[in-house]
Each structure stands twice: as structure tokens, then as C-alpha cells.
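# What the coordinates show
Letter by letter, the chains look like this.
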Amino acid sequence: MELASKFAKWILPIDERFVDAAWVKELFEIDSGPYDDDEDFEMRVNNLIDASETLRRAFESPGFRQGEFSAQFWCEMKSRGLHHRNLLPYISYFASSYSKNPENLKADIVGLIVASVYLKLLSLPGAVVYDMFHQVIYDYCVDKLCMASNQKQTGKKRNAGSQSWQYNVTKKVDVLLDDLIRLQQAGFLTDRNLAINVTVKRLAEMLIGENVLIRDFSIEEKSIAFKAYKALFIACDEEVNTSLVLEQLLSNALSLSAPLSQVRHHFETVSNFVAHLLAKKEAKDVWSVVIVFVQQLLARSVERAESRQQAAHLTTTLLEKMPMQLRNCVLRWAFTQLAFSERSTHRLITLELFHQILQLPEFDDCDSNELVKEEENEEDEPEEIDPLLHSLVHFPFSGGSRAIKHIHILCLVLFRIDDVAPMIRTKALNMLSDILLCADKEPLAQVVQETFVVPFTQPVEIECRVSVLWQGRFDFLRLVLDNDAQVPSATTIANLLAAISEDERVYVRKAALQALVSLAKLSHHWLSPSFLELLSSHCRDPAVMIRKQVIICMSELLKEHFESIPSVVDNWVLSVLPCLQDPESKAQELVQEHFHDVFFENMRAFNPGMSGQSLLPWNILRLAANFNLKKLLSDSFKIWAKEKRLPHNFVAIVKSYIETSFNKEAWMLLAILAESQDIPDVQFAHEYFKQHSQQIKKTEISTMYLVMRVLMLDAKSLGANETKELSHLLCKKVENLSFATDLIGTAIDLIAAIDIANKQMNAFQIWCKAVHKKLDSKICSYLKREGHAPPDSTEEIKMREITTLGDIVRASSMSDYSSKLSSALISVVLHGQKDAGTCNHKELAFAATPRLRAAATVALGKIAILQEQVAFQVVGVFQHLLKTSSDNIMRCNVLTVLADLIGKYATLVESIVAEIEMCLHDPDADMRRHALIVVVQLLQGDFVKLKGTTLLFYLLTTLCDLESDLRDMTASYLTNTLIAKEPNIFQQNIISAIVLLNAYENHNRFSKIKVSQEKVKKLALVGVDNTNKRMLVYTFMLEYMSDDHRFDSLHRICTQILGGFVDGLFLLGTEDHILADALAVLSCEQIRLRCMKVTTEGDATDADEAFSKLYDQTKKLFVAQEVKKKIMENIVPIIKSLRVKLRKARSPLADDLMRFLRDLMRDFKSEIDEIFAGDKQLVEEIAFDLRQLEDQEKTGNGEEDDQAQDSD
């Protein structure tokens, strides 16, 4: 027979020594071959190739009769001495050649040919009888399947002919797959479990390197990947084999390290393969395996976000192709079991799965519970793949395999928005936002409308209140699954979202705010004052991400609801516009962008019948003016002008609003525009001024001020005749005191601007001197003189005289000094003031009103800025006013003047600051507010230093102010500006804060601040009633310290204060309040090191998070060793000595000391003996004291509970 002859030419003559050696090793790892030195090796290989081709042609021939051919072939082989004992060693040697010599290209090809021949031989009838199957050789042959994919993965070029080699290998692997499929179809592998295992593993491995997407397995393809899947499909004839196949595919898919597109192709192909199995195989053979496959897939794909998304997508694809009963059971298992797993990653992937299911049409219920009944009747339950996951078909509640509807998923999302794991809270909140934003999409449209829209016809007020939607898992599943699912009330959900928006995690806050905004987009009734206030408050959020998000959301709400809900505009102006001064440039740019869009997209020329969007920019301008935000508008227009983003016809559009209902806003906008760019022709402003300046009404003063600002900023664009006419008119009105006091300064500045534009500054100085001389004599006549009648001018005229004098001095920088003039002004300021005799002032000829006194204060300040002698003269007057005056308007003016003097005269800083800082404790809230603004401005301008003064402690005590805006302003300055500038300031002053706030007399021992005891008592917050206020200050300082600073503070408090009591620097009994504060600070949560708070609670939900947790744990161990060392060396000896001293004195502070010790030791429970240097008696005594303390605390809590029950 020709085929047997070719085998004989390949092998004969038989090398008996080689055969015997091979069988001794059981055909495994044969070191040397029979033909390594044979000169006819090439000819033998050609005979092998011919034998393979002959077999292939025989199998492919239409009339091939396997039985007849096989009987004849095996007899011929036996007659030639090629029985299995002689033949198998040769096949084993050549089949294993690839792994033995990877650089031998010819050996690779020969190995593939031998593997193909061997599989063909096994598929012939009689191969079993002839003992041709050997597991080792079969393993070698199946290993060849991975040759092509291995080369694709490594990407190595073996030599210059690598491309040709790759093509030949791929072609031979393709043939080998055909042989394997033929062998499977012949049923040869049936009951050969080891062979099946090896086959499945190698097929799954080779598919890793195949980047092929197969969408439909019912359509035959010629690709290697398709043939590999076909072989796996054939292997799934039994349930055990099906489980093995799916397990291998899943394991390889999860471990695949490749580009994202290839990973997605692989996952999708696996999904399509499983769907094909479900369609072609019997349900009872495949369903239980698919169940385990889904369990494994969802339980194991949790480490990375990409893996979770891929697993959820694969599961969703499978669910669409599953039979109805199986699909519903899988979903119900995920809903009732996996969604409530103790592992946070399992709960997270469940949400990911249901998030994708929400994108699909709602699944239907099954008509029967046949699957559940069949599984219940089986004696053997499915094997659990994870101790955390229960059997799929075991439901703790009724309902069988009913479908999980979208409303059930909505309820699950609501259940998880307050999960303990931050990642799950974030995911659930994002899902809720998506559901609300897609409220018009069935089938949840009706539920969302009925829950969040229909019940409300009026604005819905919300509050930050934590609400329990369901009482745990059992209550949730019972109410949601056993009965018709009921969504909690919308107000309860909104209140919970408001509470979550204050979460400490940035991404959780971001997601909660997005959900709230989605509610507002769903129905405008949610845009209530409380809702808008909540959003506005987050414009000051510590995280720039949140601030940017709120800026975007509020701008979107403004564009959509500005006409129907006016309060949206108010909140936008009050909260978003101030973000133009945000510390982060990105936030500033974002506000600039949205402001530009809102303003210019809706800016149109005036039309009497205009409404809607055209009015929005003017409403914004009106509100900005009312809220004193003009500077922010000015800064924005300067940026837009520099970037050339202003419309070319913008001036013309704004001019069209003059003499309309938006007249004031138009002039304000023109004034702002004049600050950022030149207005070509301001003749229109000149005409307006001439027309309206004859009789200026009180309501038009602010508008006329803006008109004059426009003229002043662009005076150079006026012609010579216009400037001359305007200057003459202004000078005449100033001399005649025709202008209101609010316009005098601007009018004088406009006169100066015109003279500068015309290069006539000398004329301006001459005019100023003439006016000054005239006013000097008039104001000096205010003093009472014998034989002279008092001036008969009205109060308004006197106001204008004093104001004009001050502005003339300011504008001309006049340095001429008249002692009589300053004396007259001082007398006006001090008129009617108690104890004013100490200031050496003269008597007035008339009674000065508070309004006149305030004007005189401002004028004196303007003179003092230019004349140093006057400055030193009036400082004492102003300080006296601050202490004694009851007129808060006057005192606010005095504060402003003193702040200006600090910037001019450095020698006055110390005395003035000492008075200003005390105003932070003033009884009047407006005075405290003004004082705080002045202090912050001085600090920001570096005119005042905190070092060596009590100003820092006055600022810190402002954190306890009754007014929330003062607290917020102080906290904002301290956290955003001061700490960035002086990061060590809280650490350096924590001891000083404790001793000063307790009014300790010998505070100089611990502080370099030189201050009288009288002033310390005014600053201090002494007494039990102020304990919470002092703790607020201490904890605020600690909250914004780094870990290094916290431990340094702990160390210094122990050594200086606790050690001071041990050494007798402090007296027990009389100064216990200081020790009580120190122990309270040492026991508070804020002093604990952040790195020591690292816990292992929850699971890492991503690779980065897992690395972060590992880093935190390592850091904790390192820091713990250093902290322990310092505690042992410095702190423990002090605690031991102080404990003895307090016990001896029977001080109640001994319990506070033990609380501190308990908190100190909670991170070192296993090292207590080492820390206390093996002093067992001391350890036992401390343990006894701690037990007593805990018993007392429990007893106290029990008594409180009893009292509460009695009161009920």
C-alpha cells in the first residue's frame, strides 16, 4: 500500500536503541533523535510530507471508505514492522521538536506535519485497537495549535524568512485544526477526559492571539479562530465539558492584556459563542453551565473599571439572547444576591450591569416557573463558585423567575445612593441622574413623571436631611419584589440627595449635585429658594471640580428658566459671578465663558416691545449693580476687550438703551466699557450731561455719576469747544456747590481729566487753590467766635463745602496746611461726643448732625493722607471715636480712614491695628462685618503682619460669630489665602491659642506676643459657657494642619502644657481650665494623624485604588514606628507623672487624661507593653482606670436613655 510505503521510507530502518530509550522515558522529553546525523534526513522528511498529503487526499476523496482503507492500512503497517511500539517514539520525537529547539524553523514545520499526521491516524478506525493513542504524544500535537498565536503575541522576528515561516505555520495550524475537528467528530475523544481538558485549554489559549470578531457562529467561516470555536463547540457535548470550555474562555478573557479594541472583540466573540451554545444545545445540558459562567464572569471581573464594563456588556449581550426563563432567573439572582454581597466590588458590578440593562427594552415575565421547579426537584444543588454568592435559583422571597423590571432597578439605585462605599454611592447617583435625564424614555417615563413631576404644582422646598428609604435588605426586597414596587416620595429622595451633596468625598458630592440638577431639569418646580441656595453654596466648595460643575449647571438653569423663575437670575449673579475671583484660574475662565455666552448671545438693540432673552443681560447688570459686583463686570470686560471678543457694534447697541427703562444700566455698561477700551465719540454723553445737569433729581445721582465717569475716561475724544464748554460748566457748578455730595469728587476728577487732555494742568492747580482758599475761610467760620454770628448755611451746603474741600485736596495733592482748618474739621467730628475734652477740640458755632460729622471724618482722612502732621493729629481722635461713639456709620468711616493711613504711614500701624482688631468683637454686626473686610484687605495688601500680634486670634474667634456670612468670610480667608501664604501659622500658634483664649496671666512664657492682660481678657473666651467656642477654634486650626504639624502640636501641648503642670509652672485647681482645654484638644479627632486613620474597611474597586490602599498601609506602618518612638521617649513619662499628680489631688481631670491615653493607644494596642517599658503594674493600673472610665460612660448613657424614655 502506497501510504504504508511512505511511512516506511520515513522511519525504516528502526533504531532499536532509540525506541527502547524512548519507552523507558514513556515517550516524554526524548533528548536525541534517530536521524540527527543522517545524510538522508531531507529525503525522509519529504516522504513524511507525502504521507501526510496522501492521508489528506484520502480523507477528502468523495468515495473514501474509512473501514476498508483502515483495515488494509493497519495490516500493511504491521507487516512492515511499523506497529505502535516502533512508530510512536518517532512521532513523539518529531512532535515535540518545536519546544526543544525554537530556532530550528525546519523542525517547527516537521513537528506540525507530524502532529497533523498523528491526528489523522487517530481518526482512522482501528487506531484504538492498534494502540496508537498515547496521552503524551497527543499533548505534544495539541500544543502545536498555539504556535501561530504565540508568534503573534511576542511579535519576534526569527530571521529574514520570518514572514514566510509565519505563513507556513499558520497554514499548517489550519490543517491541524481540521484534523482535530475530524477526530472530535469521529467521537475519538469521548470519555478521554484528560485529552479533552488539554484540547480545551490549548484551543482557548490560541484564541487569545486571534483578534477576530465573530458575530454569527451559524455561518461557516474559514478563519482559524472560527475553527477553534467550532472545535470548542463540539467539545461541549457533555455538561462537564461545556463547563470546562466556558471556564477557560472566561479565564483567558479576564487575563487578556491587549489593546482595548482587541479585548472588546474577544469579549463580544465569547458572548456570541455562549449565545450560540444556548441556541443549539439542549437547555438542561447548557443552562446550569451558563448560570455558573455568568456567576464567574460577574464575580471575577471586579478589579478594574474596564473589566467591570466589559463583563457587564458581555452579560447584557448574553441576556438578550437567553431564553426568557433563564434570563429572568439570572437577573433575579443578580438583584437579590449579588447586589447585596458583602464585597463592595460585587455590588458595584451589579450596578454596572443594571445600568446597561436600562438601555434595553424591558424584559418580559415568563409564563411559568418551570426552571425553578425543575431545579427544586433535583437532589443535587448547583455548586457554589464563591462563598459570598448563593445558589442562583434559591430566592429568599416569592416571585420565582419573574422578570426584573426597570422600576425594580430604579428602586435598587435609590437603595444604593447612601451605600457605605463611596464608589457605589457615586455610581448609583450617576445612574439616577441618567434615569431622570431620560425621563421621556419608556418604560420608566410614567414612573418618573408620577413620582417627580405630577405631585408638585408649587416650588418644592428641600433640606439636607438623611432619610432612610428602606429598613435594610430584607425590607427592601420584601417591599420591592413581593409587592408592586413603590418608589419613595420625591421629597424624601431630594432631601437625601441634599444631605449626600455634603459628603466628604468629592466625586460623591459631584454625583449628588448632578442628580439634583437633573431633578430641576425634569421639572421647574424643584427650583425653589432652598434648592437654589444649596446649589449656590457649592460655588464655594473646597474642590475646584465641584465649583466648576455648579458653575456649568447654574448657567444652564439660567439659560432655561431665567424668564419663568426670576430667583434663578438672582442666585446666578450672587453665586456664579463672584467665582470670577476664584483662586483657580480654570474656574475663572469657565465663568468668563458662560458669562460671555449669556450676555452677548442675548444682547440686542433696544425695542419697546422686547421681552424674554433680550432682557436677560440687563437684568444681570441691574442685579450686579444692586449687589456691588461692578468691579467683577469691569474685570471681565477688560479681558474680553484684550482678547477682542467684544462685538464691533456693541457701543451702538448699548447707546440705544439710553433714556429707556434701562438708562442707568446702559450708562453703567458704557462706564465699564470705557475702562477697558476707548469709546470713539462721547459727544452723546456730553449732550446728555448738559441736558440733565441743570436739575439733578435724587434718583438720577447714580446715573449722572456714570455719565461723568464715561466723560472722564474718554475726555480726549471730545473736541476743543466741547471740552472748554464742559470744563466751564463743571467749574461753575463746583464753585457754586450745585452738585450733590456724591457727585462732587467725580466732577472734580472730570475737570482734572479735561485739563490733562488739553495739557492745562497748571490751570487746574490754580483753580483748586482758589476754591480751597474760599472753602477754608467758610469752614473755619464753623468755630464759635465771640461777636460773630454762626453761619446761616444749611446742613446740605455745609456737607458740600466739607466734601468739596476734601476732594480738592485729594485731586490736586495740595500740601498747604492750615491748622485752623484741621481744628475746625476735628471739632465737627467730635461735636456732641462724650469725653471729647481729652482730644483738645474747640466748640462749634452750631450743632453738627451725624451726617455732617461723617463727611468731616472723610475729609480729614483725605487731608491726613497728604499731610503727615494732620495724620498724627487725627489718629488719636479717630481711636477715641472708635471706643466711644455710638454712631456706627461714623465708626465705619473712621475704620476706612484708619486703614488708608496704615498704607501711608508705617509708624502708625501698631497703634491703629490694635484698635481695628477690637472692632471684630463689636456688638454691632455691621461694624464687625466692616472691620473684617478692612482687616482682610490690609492683610492681603501686606500692610499688616500677623506675627507678634493678637490679630490672628481675633480672626480665629470670628469663626464663632453669630452671623454666618462673617464665619464664612473668615474661614474662606484663613483657608484659601492665609494658609497658602503661611502654611505653618496654625502649628506655631496652637499653644498661644490655648493660653490666650483662657486669659492665662503668664502667657508670655508660651507666646512671643506682647499684649496687656486687659486686652487678653477682651480677646479671651473664658468660662464653661465658651468651651464649645474655644474647641471650634482649636479643631479648625488642627483641621488645616498637615500630619507633621499635627504631631508637632500634640508633642508641644504634652511637653509644654501637660509638662508645665507636672513641673509646677501651672497650678492645679486655679488653672485647671487650661489643662481641660489641652486634654480636650489631645483627645479630639482632628489631632489624629490622617495616615493613622487608614482602614481596610471595604474593598478596592480599581487597580489604582488598590495601589493607593497599599501605599497608605505602608506609610501607616512607617509613621507608626516613628510616632511610637517619640511617644515612648517624651510623652509617656509626662502622662505617668501627671496621672499620679491628678490622682493625688483627686482632680476630675484624671478621667480626661485617661480618655486621652485611650485615644493615644488605639493605634498601638499590640505595643502597649513595649510603650510602657514593660511596667506591668502600670499597665494593669491604666487598664483598670480605662475599664472604670468605660463603665462610667455606659452608666451615664443608660441614665440619659432612661430620662429620655421618662420624658416620652
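Throughout, a residue's number is its position along its own chain's written sequence, starting from 1. Note on the predicted model: pLDDT of at least 70 is required for a residue's local features to be given, and 80 or more for side-chain atom pairs to be given and counted; whole-chain, interface and lining totals, by contrast, use all residues. The basis for every side-chain value is the complete set of non-hydrogen atoms in the structure, without hydrogens or water.

### Digging into the overall build of the protein chain
Under the convention used in this document: What counts as a helix is a DSSP run of H or I of at least four residues, what counts as a strand is a run of E of at least two, and both are numbered from the N terminus. Only protein chains enter the area calculation, which uses a 1.4 Å probe; residues under 20% of their type maximum are buried, those over 50% are exposed, and those in between are partly exposed. What sets the accessible areas is the Shrake-Rupley method with a 1.4 Å probe; for residues, cover comes only from the shown protein chains.
When helices and strands are counted, the protein chain shows 56 helices and zero strands. The proportion of buried residues among the 1208 residues of the protein chain is 54%. Surface summary for the protein chain: the accessible area is close to 55700 Å², and the carbon and sulfur share equals 49%.

### Looking at helix 27 (residues 544–561)
Rules: In this scheme, a helix's expected span is set at 1.5 Å multiplied by one less than its residue total. We call two residues in contact whenever any of their non-hydrogen atoms come within 4.5 Å of each other.
Between its terminal C-alpha atoms helix 27 stretches 25 Å, which fits the 26 Å expected from 18 residues at 1.5 Å a residue. Taken together, the buried positions of helix 27 are Ile-546, Arg-547, Gln-549, Val-550, Ile-551, Cys-553, Met-554, Ser-555, Leu-557, Leu-558 and His-561. In this structure, the buried side of helix 27 is in contact with helix 25 (506–522), helix 26 (529–537), helix 28 (566–576), helix 29 (585–601) and helix 30 (616–626).

### Regarding the nonpolar core
Which entries qualify depends on this criterion: What is meant by a nonpolar core is a set of buried Ala, Val, Leu, Ile, Met, Phe, Trp, Tyr and Cys residues, joined one to another through side-chain atoms within 4.5 Å.
Core analysis: the biggest nonpolar cluster contains 410 residues, and Phe-7, Leu-121, Met-132 and Leu-1058 have the highest contact counts within it. Take this core: its biggest share by element is 11 residues, from helix 7 (residues 105–123).

### Some words on the packing of aromatic side chains
Note on aromatic pairs: each is described by the distance of the centres and the angle between the planes. Rules: Here a pair means two rings of Phe, Tyr or Trp (six-membered ring of Trp) with centres within 6.5 Å. Their orientation is stacked below 30 degrees between planes, edge-to-face above 60, and tilted elsewhere. Only when the NZ of Lys or the CZ of Arg is both within 6 Å of the ring centre and within 35 degrees of the ring normal is a charge said to sit over the ring.
Counting across every chain of the model gives 30 aromatic pairs. Relative to Trp-640, the ring of Phe-637 has its centre 5.1 Å away and its plane inclined at 65°; by these criteria the two rings are edge-to-face. Of this pair, Phe-637 and Trp-640 both sit in helix 31 (residues 630–642), three residues apart, which is roughly one turn of that helix. Overall, Phe-637 belongs to the buried group, its relative accessible area being 0%. Assessed through its relative accessible area of 0%, Trp-640 is described here as buried. Consider the rings of Phe-986 and Phe-1036, whose centres lie 6.0 Å apart with planes at 70°: the pair is edge-to-face. Remark: Phe-1036 occurs in helix 50 (residues 1027–1039) and Phe-986 occurs in helix 48 (residues 985–997); sequence separation between them is 50 residues. Its guanidinium or amino end placed over the ring of Phe-133, Arg-192 lies 4.8 Å from that ring's centre, counting from NZ or CZ.

### Focus: the packing of helix 18 (residues 344–357) against helix 20 (residues 406–416)
Rule in force here: Only the stretch in contact is used when fitting a helix axis, every axis being a line fitted to C-alpha atoms; angles between N-to-C directions are given from 0 to 180 degrees. Definitions for this section: a left-handed crossing has its near helix turned counterclockwise from the far helix by less than a right angle. A right-handed crossing has that turn clockwise. Polarity classes work like this: nonpolar for Ala, Val, Leu, Ile, Met, Phe, Trp, Tyr, Cys and Pro, charged for Asp, Glu, Lys and Arg, and polar for all others, with Gly in that last group.
Here helix 18 crosses helix 20 at 145°, and the two axes come no closer than 11 Å. In terms of crossing hand, the pair formed by helix 18 and helix 20 is left-handed. Residues Arg-347, Leu-351, Phe-354 and Ile-357 of helix 18 form the contact with helix 20, whose own contacting residues are His-406, Ile-409, Leu-412 and Arg-416. Here the contact of helix 18 with helix 20 is composed, by residue class, of five nonpolar, one polar and two charged.

### A word on the environment of Val-487
Checked against the element boundaries, Val-487 lands in the loop between helix 23 (472–482) and helix 24 (490–500). Each C-alpha atom, one on Val-487 and one on Val-448, is 9.2 Å from the other, the two residues being 39 residues apart in sequence. The residues contacting Val-487, other than those within four sequence positions of it, are Ile-407, Leu-410, Cys-411, Leu-414, Val-447, Thr-451 and Ile-493.

### Digging into helix 22 (residues 445–452)
We count it as follows: As used here, the arc is the angular range of directions from the helix axis to the C-beta atoms.
All buried positions along helix 22 are accounted for by Ala-445, Val-447, Val-448, Thr-451 and Phe-452. Projection of helix 22 onto a plane perpendicular to its axis shows the buried side chains occupying an angular sector of 165°, all on one side. Packed against the buried residues of helix 22 are helix 20, helix 21 (422–437), helix 24 and helix 25.

### Some points on unusual backbone geometry
With phi around 55°, Ala-999 is a residue other than glycine that occupies positive phi space. Relative to the assigned elements, Ala-999 resides in the loop between helix 48 and helix 49 (1013–1019). At Arg-1146, a residue that is not glycine, the phi angle is positive and equals roughly 55°. Along the chain, Arg-1146 falls in the loop between helix 53 (1103–1144) and helix 54 (1149–1161). The exposure class of Arg-1146 is exposed, given its relative accessible area of 77%.

### So, the environment of Leu-326
Secondary-structure assignment places Leu-326 in helix 17 (residues 324–336). Separated by 39 residues in sequence, Leu-326 and Trp-287 place their C-alpha atoms 7.2 Å apart.

### Examining the confidence of the model for the protein chain
Fine structural detail should not be taken from predicted coordinates in areas where pLDDT scores are low. Operational definition: Looking at any residue, its pLDDT shows the predictor's confidence there, from 0 to 100.
Scored by pLDDT, the protein chain comes out at a mean of 80, with 82% of its residues at no less than 70. Mean pLDDT across the secondary structure elements of the protein chain bottoms out at helix 19 (residues 370–377), with 42, and peaks at helix 25, with 93.

### Some points on the pattern of salt bridges
Threshold: Any carboxyl oxygen of Asp or Glu that lies within 4 Å of a side-chain nitrogen of Lys or Arg is treated as forming a salt bridge with it.
Scanning the entire structure with this criterion turns up 36 salt bridges. With its nearest N and O atoms 3.3 Å apart, the salt bridge here joins Glu-205 to Arg-202. Here Arg-202 and Glu-205 lie together in helix 11 (residues 193–208), a separation of three residues that amounts to about one turn. The partly exposed category is assigned to Glu-205, whose relative accessible area is 34%. The residue Asp-582 makes a salt bridge to Arg-547 at a minimum N-O spacing of 2.6 Å.

### Thoughts on the environment of Leu-1050
The topology assignment puts Leu-1050 in helix 51 (residues 1043–1063). Each C-alpha atom of the pair Leu-1050 and Ile-991 lies 10.0 Å from the other, and the pair is 59 residues apart in sequence. Other than its neighbours up to four places away in sequence, Leu-1050 contacts Leu-1082, Ile-1087 and Ile-1131.

### As for the packing of helix 17 against helix 18
Counted only if it meets this: Note on angle classes: values under 35 degrees are labelled roughly parallel, values over 145 roughly antiparallel, values of 65 to 115 roughly perpendicular, and the remainder oblique.
Interaxial distance between helix 17 and helix 18 falls to 10 Å at its minimum, and their mutual angle equals 135°. By the angle between their axes, helix 17 is oblique relative to helix 18. Read as a crossing pair, helix 17 and helix 18 show a hand that is left-handed. Within the contact between the two elements, helix 17 uses Leu-331, Ala-334 and Phe-335 and helix 18 uses Thr-350, Leu-353, Phe-354 and Ile-357. In terms of residue class, the contact of helix 17 with helix 18 is made up of six nonpolar, one polar and no charged.

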